[in-house]
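Geometric and topological summary
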Amino acid sequence: MKNIIPYGRQNITDEDIIAVVETLKSDFLTQGPRIAEFEEAFADYCGSKYAVAVSNGTAALHLCVLALDVKKGDKVITTPITFAASANCVRYCGGEVVFADIDSETYLLDINNVRNLLERSPKGTYKGIIPVDFAGRAVDLEAFRKLANEYDLWIIEDSCHAPGGSFEDSNGEKQICGNGKFAELSIFSFHPVKHIASGEGGMITTDDKDLYEKLLQLRTHGIVKGDEKYQNSIEFAQGVEESQISNLKSQVYPGWYMEMQDLGYNYRITDFQAALGSSQLKRADEGLERRRELASQYYEAFKNSEFIKGQSGEIDGHAYHLYIIEVDDRLGLYNFLREQNIYAQIHYIPCHLMPYYRDRGWKEGDLPYSEEYYKHCISLPMFPTLSNEEQSFVIEKINSFYAGS
Ligand SMILES: *Cc1c(COP(=O)(O)O)cnc(C)c1O
């Protein structure tokens, strides 16, 4: 193939472009009606009560730990097989990241390892857990919720890989990622490699009204508006002289008034990004269906291949952000595919072995399943516009690499 086949790629249609252009011609570039529309549609899609759109997935994570009041020294558990931001958000607040190993079958944070950590320390040692719906495979949040309740922990579900993904609960009911039923907060990213692209963008979903309001405030500098919320007096707000107070005509806060009550950030998304997000969201199910079709085609192609070390069959609810296989001679395969213009990718270099986290005491051998997984994993091209022809080319090249060795 002449064209490069990446591991993931956005799909922008004429409809998307029209939605963005219309917004650019409107009165609002930011903080306009498209944001609220996107939030509402996304909450609907996940089945949560509230959604807060933000500038990117990392900002979403940061706002979550702020809203949950993570402080210096607070210990939070997450997986090392994730994008660094899942862990880094804890560090933004001075908290301590405690990585727990993955399950070598699902590649997800292993609840048994989390339980072991919790059992080994006095209650209150840990504040929360950040499980990741890695590759699009949903974490069993019902089980994590039960464990979290035992130890009084919060849960932030990092669902960047899994919009539309789901797990089956103990009653056999489908629980959609980010539906607000198990995690305090769930987060999503709209980076172009993710399912829904808005350029940069992110979303937080929740069923908790207090957290929702806190997030809105922190997203815009910690500023609140609304008479019933103000802490300063009306007299102060009106700016009248002390001597005039008794002459006050109106007992209302003036129109310009607002208060910064907390140290927040500017983590807003723009209106035209939200317009793109909403337009993309309309096609999310279609994209998901195609991802599942491609996954099943990969599975059929490789199910009897001896060079593949680990590969799961069809998994209900998997959103297939990534299609990962584990192979021997991963480096050789990666380089060979590059020569064929197939840009497979590795997800992820274990977070705990990044120099930043090594400096904080993590070392090789700490999390053996994650480290072993890293030596073999490779993510094959997986995106809705990948054609069957392109996929067959990828499969053929992988087979030919191992046939020659
Ligand atoms: C992409 C991603 C993020 C960060 O999202 P950005 O929008 O790039 O900031 C966080 N966690 C996971 C698992 C991701 O894949």
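Residues numbered from 1 in each chain as written. Predicted model: local features only at pLDDT ≥ 70, side-chain atom pairs only at ≥ 80, totals over all residues. Heavy atoms only, no water.

As recorded by an unreviewed UniProt entry, the protein carries the name UDP-4-amino-4, 6-dideoxy-N-acetyl-beta-L-altrosamine transaminase and is attributed to Autumnicola psychrophila. If you open the UniProt record of the protein and go to Sequence similarities (unreviewed entry), you find "Belongs to the DegT/DnrJ/EryC1 family." (UniProt positions renumbered as here; feature names shortened; annotations may be inferred.)

Some thoughts on the overall build of the protein
Per the secondary structure count, the protein includes 14 helices and 16 strands. Compactness check: the protein gives a C-alpha radius of gyration of 24 Å against a globular reference of 22 Å for 405 residues, within 12% of the reference. Dimensions of the protein along its principal axes, counting C-alpha atoms only, are 90 × 55 × 45 Å. Residue burial in the protein is summarised as follows: out of 405 residues, 55% are buried. Counted over contacts in the protein with a minimum sequence separation of 6, partners at least 24 positions apart contribute 74%. Carbon and sulfur atoms provide 48% of the accessible area of the protein, an area that totals close to 18900 Å². (Helix = DSSP H or I, 4+ residues; strand = E, 2+ residues; numbered from the N terminus. Rg over C-alpha atoms; globule rule 2.2 N^0.38 Å. Buried < 20%, exposed > 50% of the residue type's maximum accessible area, 1.4 Å probe, protein only. Contact = heavy atoms within 4.5 Å. Areas by Shrake-Rupley, 256 points an atom, 1.4 Å probe, with all protein chains shown as cover.)

Focus on the sheet that holds strand E9 (residues 185–189)
Backbone hydrogen bonds are what pair the strands of a sheet, in a parallel or an antiparallel way. An order of E2-E10-E9-E6-E5-E3-E4 is seen for the seven strands of this open sheet, with the pairing classed as mixed. Where the open sheet ends on each side, the last strands, each with one partner, are strand E2 (50–54) and strand E4 (96–99). Between one strand axis and the next, the sheet turns through 25° on average, direction left out of account. Across five bridges, the pairing between E2 and strand E10 (residues 202–206) is antiparallel. Its bridge partner being in E10, valine 52 is matched across the sheet by isoleucine 204. Against the sheet, helix H6 (residues 141–150) contacts strand E5 (126–130) and strand E6 (154–158), and its axis sits at roughly 155° relative to E6. Packing against the sheet, helix H7 (residues 209–219) makes contact with E2, E9 and E10, and its axis sits at approximately 15° to E2. (Pairing = 2+ DSSP bridges. Axes fitted to C-alpha atoms, helices over the stretch in contact; angles between N-to-C directions.)

Digging into the environment of phenylalanine 336
By secondary structure assignment, the location of phenylalanine 336 is in helix H11 (residues 330–339). When the C-alpha positions of phenylalanine 336 and lysine 397 are compared, they lie 8.5 Å apart, and in sequence the two are 61 residues distant. Every residue in contact with phenylalanine 336, bar those within four places of it in the chain, is listed here: Lys397, Ser400 and Phe401.

Digging into the packing of aromatic side chains
According to the stated counting rule, one finds 26 aromatic pairs in the structure shown. Taken together, a centroid distance of 4.8 Å and an interplanar angle of 85° make the contact between tyrosine 230 and tyrosine 257 edge-to-face. Of this pair, tyrosine 230 sits in the loop between strand E11 (223–224) and helix H8 (234–238) while tyrosine 257 is found in the loop between H8 and strand E12 (259–260), placing the two residues 27 residues apart along the sequence. In this structure, tyrosine 230 and tyrosine 257 share a single accessibility class: buried. A centroid spacing of 4.8 Å and a plane angle of 25° characterise the contact between tyrosine 298 and tyrosine 323, whose relative ring orientation is stacked. Taken as a pair, tyrosine 298 in helix H10 (residues 284–302) and tyrosine 323 in strand E14 (residues 323–327) lie far apart in primary sequence, 25 residues in all. Given a relative accessible area of 0%, tyrosine 298 falls into the buried group. Here the aromatic residues Tyr298, Phe302, Phe307, Tyr320, Tyr323, Phe336, Phe401 and Tyr402 are joined through ring pairs into a cluster of three or more. Lying across the ring of tyrosine 343, arginine 338 places its NZ or CZ 3.7 Å from the centre. (Phe/Tyr/Trp six-rings, centres within 6.5 Å; stacked < 30°, edge-to-face > 60°. Lys NZ or Arg CZ within 6 Å of the ring centre and 35° of its normal.)

Quick look at the pattern of salt bridges
Overall, the coordinates contain 13 salt bridges when judged by the stated rule. A salt bridge links arginine 219 to glutamate 39; the nearest nitrogen and oxygen atoms lie 2.9 Å apart. Within this pair, whereas arginine 219 is found in helix H7, its partner glutamate 39 is found in helix H2 (residues 33–46), the two being separated by 180 residues in sequence. Considered together, arginine 219 and glutamate 39 belong to a single accessibility category, that of buried residues. (Salt bridge = Lys/Arg side-chain N within 4 Å of Asp/Glu carboxyl O.)

Remarks on unusual backbone geometry
Of note, the amide linkage connecting histidine 347 to tyrosine 348 takes the cis form, showing an omega dihedral of -5°. Within the secondary structure, tyrosine 348 sits in the loop between strand E15 (342–343) and helix H12 (355–358). Positive phi is not limited to glycine here, since aspartate 69 has a value of about 65°. Following the sequence through the fold, aspartate 69 ends up in the loop between helix H3 (57–67) and strand E3 (75–78). Exposure remark for aspartate 69: the relative accessible area of 46% places this residue in the partly exposed category. The phi dihedral of aspartate 152 falls on the positive side, at around 60°, and the residue is not glycine.

Details of the nonpolar core
Core analysis: the largest hydrophobic core is formed by 120 residues, its most contacted members being Phe134 and Ile204. Mapped onto the domain boundaries, this core takes at least three residues apiece from domain 1 (5–221 + 264–281) and domain 3 (284–404). Apart from the residues within four sequence positions on either side, phenylalanine 134 is in contact with Ile81, Tyr107, Leu108, His161, Leu322, Ile324, His347, Tyr348 and Tyr373. Judged by nonpolar contacts, the second largest core, of six residues, contains Ile234, Ala237, Tyr253 and Tyr257. (Core = buried A, V, L, I, M, F, W, Y, C linked by side-chain atoms within 4.5 Å. Domains from an automatic or database assignment.)

Focus on helix H4 (residues 85–92)
Residues Ala85, Ser86, Ala87, Cys89 and Val90 constitute the buried set of H4. Buried residues along H4 sit against H3, E3, E4, E5, E6 and H12. Glycine 94, located one to two residues past H4, shows a positive phi value of around 80°.

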